[in-house]
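Chain by chain, the residues:
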Amino acid sequence: MEDIFDKIIHGEIPSYKVYDDEDVFAFLDISQATPGHTLVVPKADVKDIFAYDDELAKKILTKLPIIARAVKASNPKIIGINILSNNGVAAGQSVPHSHWHIIPRYENDGLDLPGAVDHSNQYDEKRYKAIAKSISEQF
């Protein structure tokens with residue numbers, strides 16, 4: 001079933017395109033969390049990061065630094081960039097098509113993104129080791 005990103009990729013819905021090749025389409029996010037907020041979308045119909053195979057990952061993820069450098073170079077006031085992808089409804093994914101946000105950061109932009117929360121006081125060495133072991137056993 002075609003989603004909004006498929007329609008943007010196929011030109012059925014207008015967008016502000018910033019990059020386009022055989023595998024990737026990048027365009028300005030309509031929300032513009034900060035000026036230059038760009039979405040990087042695989043042209044392949046893939047729901048989230050869990051559906052990537054190695055080949056798709058190479059095609060998509062190698063483009064992120066290229067597009068991020070272009071976004072940063074577009075405005076001398078950009079002092080950093082967040083790159084994030086929400087995967088699954090519980091993580092805030094609003095469109096069931098994989099996409100990556102490139103969000104420029106400016107001095108005093110007031111944007112508060114996840115990751116600034118520190119829960120380290122709730123963990124001890126035993127808990128860290130158990131979590132690390134559980135993840136590393138999956139490879």
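Relevant structure appears above.
Rules of the game
Starting afresh in each chain, residues are numbered from 1 along the sequence in its written order. This being a predicted model, a pLDDT of at least 70 is required before a residue's local features are given, and a value of 80 or more before pairs of side-chain atoms are given or counted; all residues contribute to the totals for chains, interfaces and linings. To obtain the side-chain values, all non-hydrogen atoms of the structure were used and water was disregarded. For this analysis, a salt bridge means a side-chain nitrogen from Lys or Arg found within 4 Å of a carboxyl oxygen belonging to Asp or Glu. The helix count covers DSSP runs of H or I at least four residues long, the strand count covers runs of E at least two residues long, and both are numbered beginning at the N terminus. Only protein chains enter the calculation, and the probe is 1.4 Å; a residue is then buried if its accessible area is under 20% of its type maximum, exposed if over 50%, and partly exposed in between. The term polar contact refers here to a pair of N or O atoms within 3.5 Å; inside protein, the definition further demands a hydrogen-donor-capable atom paired with an acceptor-capable atom, and it admits residues adjacent in sequence only when both atoms are side-chain atoms. Contact between two residues is taken to exist if any of their heavy atoms lie within 4.5 Å; hydrogens are not considered. For the purposes of this section, nonpolar cores are sets of buried Ala, Val, Leu, Ile, Met, Phe, Trp, Tyr and Cys residues that join through side-chain atoms within 4.5 Å.

*Asks:* Would you take a moment to explain the pattern of salt bridges for this structure?
*Replies:* Side chains that differ in sign of charge can pair as their charged atoms come close. Tallied over the full model, the rule gives 7 salt bridges. For Asp-21, the salt bridge identified is with Lys-63, shortest N-O distance 2.6 Å. One end of the pair, Asp-21, is in the loop between strand 1 (17–20) and strand 2 (24–28); the other, Lys-63, is in helix 3 (residues 63–73), with 42 residues separating them in the sequence. As far as burial versus exposure is concerned, Asp-21 and Lys-63 are alike and both buried. Note that Lys-133 is salt-bridged to Glu-137, the shortest N-O span being 2.6 Å. One network of salt bridges, with partners in common, ties together Lys-17, Asp-20 and Lys-43.

*Asks:* Which parts of the structure should I look at to understand the side chain of Gln-93?
*Replies:* On the secondary structure map, Gln-93 appears in the loop between strand 4 (78–84) and strand 5 (100–106). Looking at Gln-93, its side chain comes within polar contact range of the main-chain oxygen of Val-95, at 3.0 Å. Among residues more than four places away in sequence, those in contact with Gln-93 are Lys-47, Asp-48, Asn-86, Asn-87, Gly-88, Ser-98 and His-99.

*Asks:* Would you explain the nonpolar core in this entry?
*Replies:* Soluble, globular proteins show a tendency: their nonpolar side chains are buried together. Grouped together as the largest cluster of nonpolar side chains are 15 residues, with contacts concentrated most on Val-40, Tyr-52, Ile-60, Ile-67, Trp-100 and Ile-102. Elements that contribute at least two residues to this core include exactly strand 2, helix 2 (54–61), helix 3 and strand 5. If you tally residues by element for this core, the top one is helix 3, at 4 residues. Discounting residues that sit within four places of it in the chain, Ile-60 has contacts with Asp-23, Val-24, Pro-42, Tyr-52 and Trp-100. The next biggest cluster of nonpolar side chains, apart from the first, holds 8 residues, and it includes Phe-5, Ile-8, Val-41 and Val-95.

Read these as layout, nothing more, since geometry by itself doesn't imply function.
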